[in-house]
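# Observations on the three-dimensional arrangement
What follows is each chain in one-letter form.
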Amino acid sequence: MDAVASGARRNLWSAPGRNPAEEYRSTLHGFRSFTSTDGNPVLTDSAHALVVGATGIAGGALIDRLSDEGWAVTGLSRRPGAERPGVEWRSADLRSPESLRAALGDLPVTHVFFTAWSRQDTEAENIAVNGGMVRELLAALSDAPVRHVALMTGLKHYLGPFEAYGQGEMPDTPFHEDEPRLDVDNFSYAQEDELFAAARRQGFTWSVHRSHTVLGHAVGNAMNMGLTIAVAAAISRHTGRPLVFPGSETQWNGLTDVTDADLLASQMVWAATHPEGADEAFNTANGDVFRWRWMWPRIAADLGVEAEGFDTAPRPFEQQMADAAPVWAEIVEQHGLVEPDITRVASWWHTDADLGRDIEVMTDMSKSRLSGFTEHHRTRDSFTRLFERYRAARLIP
């Protein structure tokens, strides 16, 4: 479908100020059922999870959690992930109905966890491609016994798309889930609209998970702040420079939060298996807040390099690291690391965008907690564990 057609479809639901989730919820007639003991959900033998985008940061965390909990799991990705008991890998083109039906047609999928996205040059293209991927994936499962679909989006619901990120009128922080949509084209809204439409047709329940910056383990991911900072630190140390904060004064001094991928996976599984999570959108963050001026020196210490904070103006990583590829190649050879391609371990643009925002960004987690999801992660520990895991995988020195 072209961008114009996709935009027309999206506009059926995306009028500014409307709440499509509430409008959809009013049409429900008790589709959901649970097998439970004393009110607590129990995993049945027929439960089969499909993780879309399974080798990404969020998808990898979901694969780990679901397989550890005994689910039958299929991971859908461009290339297979690591082998582990209970996990089957399949590949398909998310833009191709034929490819998806060939890959998924025989699977008795009961729960879908959708974490994939594809960055395009314009928001019109983002809408066409990313909304289309949700639509085609769910259409390919029209004959499967799907009970719930959990969709990972992000804070673009409140901040707008990349083309208008953090511009114009936005809600006050902390962000709350009942904020209406912004008056701007947004691929996250398009993904939601395709989810709601499929739920009406196919009779499953859904949840939407609005994560902030996600910290987790992956290689080749386009939005990987944790690994990007670690690579920047290794390059800075190798060249005798401090680890310079790339962002804005507002981000350096203001309060913020992030999302541990393990917590995101846990919340998505919780929503898929508890009635309190059905047909709801949830913010997804660790539950604590911090200031980068406090966190940055501690991260630098973990990574063995001196820290340097904000000074006068942002100093983006894309500028700092413009000629860093040969330096990274030297580091890889010296320390016996496994990934020589710097573009697969560092996403300078995304970390610059996150830390360069001239606005405060943090979320309210009350809805999720009051609904029964109470998991909490200390962000300082999330960074420490992540760096240890990357060292163990020989991705950073």
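Okay, so let's go over this structure. (Residues numbered from 1 in each chain as written. Predicted model: local features only at pLDDT ≥ 70, side-chain atom pairs only at ≥ 80, totals over all residues. Heavy atoms only, no water.)

Before going further, it helps to examine the overall build of the protein chain. The helix and strand inventory of the protein chain stands at 16 helices and 15 strands. Among the 397 residues that make up the protein chain, the fraction classed as buried is 55%. Once local pairs closer than 6 in sequence are excluded, the contacts in the protein chain between residues at least 24 apart make up 78%. Accessible surface for the protein chain amounts to roughly 16300 Å². Of this, 48% is attributable to carbon and sulfur atoms. (Helix = DSSP H or I, 4+ residues; strand = E, 2+ residues; numbered from the N terminus. Buried < 20%, exposed > 50% of the residue type's maximum accessible area, 1.4 Å probe, protein only. Contact = heavy atoms within 4.5 Å. Areas by Shrake-Rupley, 256 points an atom, 1.4 Å probe, with all protein chains shown as cover.)

Right, let's talk about helix α14 (residues 348-356) for a bit. Taken across its nine residues, α14 has seven buried, putting it largely inside the fold. Turning to α14, its buried residues are Trp-348, Trp-349, His-350, Thr-351, Asp-352, Asp-354 and Leu-355.

Going from Thr-173 to Pro-174, the amide bond is cis rather than trans, its omega being -5°. Relative to the assigned elements, Pro-174 resides in the loop between α6 (156-159) and α7 (187-202). The backbone of Asp-279 shows a phi angle near 60°, a positive value even though the residue is not glycine. Topologically, Asp-279 is positioned in the loop between α10 (261-273) and β13 (280-284). Since its relative accessible area comes to 5%, Asp-279 is described here as buried.

Turning our eyes to something else, we now look at the pairing of β13. Across the five residues of β13, five count as buried, placing the element largely inside the fold. The alternating pattern of β13 places Glu-280, Phe-282 and Thr-284 and Ala-281 and Asn-283 on opposite faces, both of which are buried. Alignment of strand β8 (residues 205-211) against β13, held across five bridges, turns out to be parallel. Within the sheet, the bridge partner assigned to Ser-211 lies in β13 and is Thr-284. (Pairing = 2+ DSSP bridges.)

Let us now look at the sheet that holds strand β5 (residues 87-90). Within a sheet, neighbouring strands are paired by backbone hydrogen bonds and run either parallel or antiparallel to one another. Within the open sheet, the seven strands sit side by side as β5-β4-β3-β6-β7-β8-β13. Their pairing is parallel. Both outer strands of the open sheet, β5 and β13, are each paired with one neighbouring strand and no more. Looking at each pair of strands side by side, their axes are set apart by 20° on average, direction ignored. The sheet contact formed by strand β3 (residues 48-52) and strand β6 (residues 111-114) spans four bridges and is parallel. Residue pairing for β6: Val-51 is matched across the bridge by Phe-113. (Axes fitted to C-alpha atoms, helices over the stretch in contact; angles between N-to-C directions.)

For the rest of this paragraph, the subject is the packing of helix α11 (residues 292-302) against helix α16 (residues 379-392). When two helices pack together, their arrangement is given by the angle between the helix axes and the distance between those axes. One way to put it is that α11 packs onto α16 with a least axis distance of 11 Å and a crossing angle of 25°. Relative to α16, the element α11 is oriented roughly parallel. The crossing of α11 and α16 is right-handed. The residues of α16 that touch α11, namely those facing Trp-292, Trp-294, Met-295, Arg-298, Ile-299 and Asp-302, are Thr-379, Arg-380, Phe-383, Thr-384, Phe-387 and Arg-391. (Parallel < 35°, antiparallel > 145°, perpendicular 65-115°, else oblique. Left-handed = near helix turned anticlockwise from the far one by under 90°.)

What follows covers the pairing of β3. In terms of residue burial, β3 counts as a mostly covered element, since five of its five residues are buried. On β3, burial covers both faces: His-48, Leu-50 and Val-52 on one face and Ala-49 and Val-51 on the other are all buried. Pairing analysis gives five bridges linking β3 to strand β4 (residues 72-76), with the strands arranged parallel. Bridged to Val-51 within β4 is Gly-75. After leaving β3, the chain enters helix α3 (residues 57-68) and then returns to the sheet as β4, a path that is right-handed. (Right-handed = clockwise from strand over helix to strand, strands pointing away.)

Here His-376 lies in the loop between α15 (366-371) and α16. For His-376, a relative accessible area of 44% translates into the label partly exposed. C-alpha of His-376 to C-alpha of Asn-286: the two residues are 90 residues apart in sequence and 5.5 Å apart in space. In contact with His-376, not counting residues within four places along its chain, are Leu-263, Asn-286, Gly-287, Asp-288 and Arg-369.

Right, let's talk about the packing of helix α5 (residues 123-140) against α7 for a bit. Direction vectors running N to C along α5 and α7 enclose 25°, while the axes themselves pass 8 Å from each other. In this view, α5 runs roughly parallel relative to α7, as classed from their interaxial angle. Our pair here, α5 against α7, has a crossing hand that is right-handed. Contact residues: Glu-123, Asn-126, Ile-127, Asn-130, Gly-131, Val-134, Arg-135, Leu-138 and Ala-139 in α5; Phe-187, Ala-190, Gln-191, Glu-194, Leu-195, Ala-198 and Gln-202 in α7.

Honestly, that's just the spatial picture; any functional story needs more than this.
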